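In case you want the letters, here they are:
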Amino acid sequence: MITISKTVNGDVIEVKLVGRLDVKAIKEAEAAFAEAAAAAPNVALDMSELDYIASAGLRALKRLRTDVRGNGGSLTLRDVQEDVMEIFEMTGFAAMLTFE
């Protein structure tokens, strides 16, 4: 299960992800990511309470990054938990994403 909330802060839309970004949550996440990419040039994902990300979640992040960059913006991941960061590192996503 995932809970997604969004706030706008200037030209940045902040998306907070709580729970698990897995196949059960992917439709909700993809819709929220598409909405975020359309709403502001820059997107920041608060991952401080994201416990797990599956391959479907990785694909959604890759699509979000492509959409945001296509709009001339940037994607930033904030406060990534250690277990999730390990997945990013093992899959090579750590090299293509920006972290704070």
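Note that the structure is a prediction, hence the values are computed from the model and not measured.

1. Thoughts on the pairing of strand β3 (residues 42-53)
And then number 1: Judged from the nine bridges that link them, strand β2 (residues 12-21) and β3 form a sheet pairing that is parallel. If you follow Gly19 over to β3, its bridge partner there is Leu50.
And then number 2: In this fold, β2 hands off to helix α1 (residues 26-39), which returns the chain to β3; that crossover is right-handed.
And then number 3: Judged from the four bridges that link them, β3 and strand β4 (residues 75-78) form a sheet pairing that is parallel. Paired with Ala44 across the bridge in β4 is Thr76.
And then number 4: On the question of chirality, the crossover connecting β3 to the parallel β4 by way of helix α2 (residues 55-70) is right-handed.

Calculation rules
Residues numbered from 1 in each chain as written. Predicted model: local features only at pLDDT ≥ 70, side-chain atom pairs only at ≥ 80, totals over all residues. Heavy atoms only, no water. Pairing = 2+ DSSP bridges. Helix = DSSP H or I, 4+ residues; strand = E, 2+ residues; numbered from the N terminus. Right-handed = clockwise from strand over helix to strand, strands pointing away.

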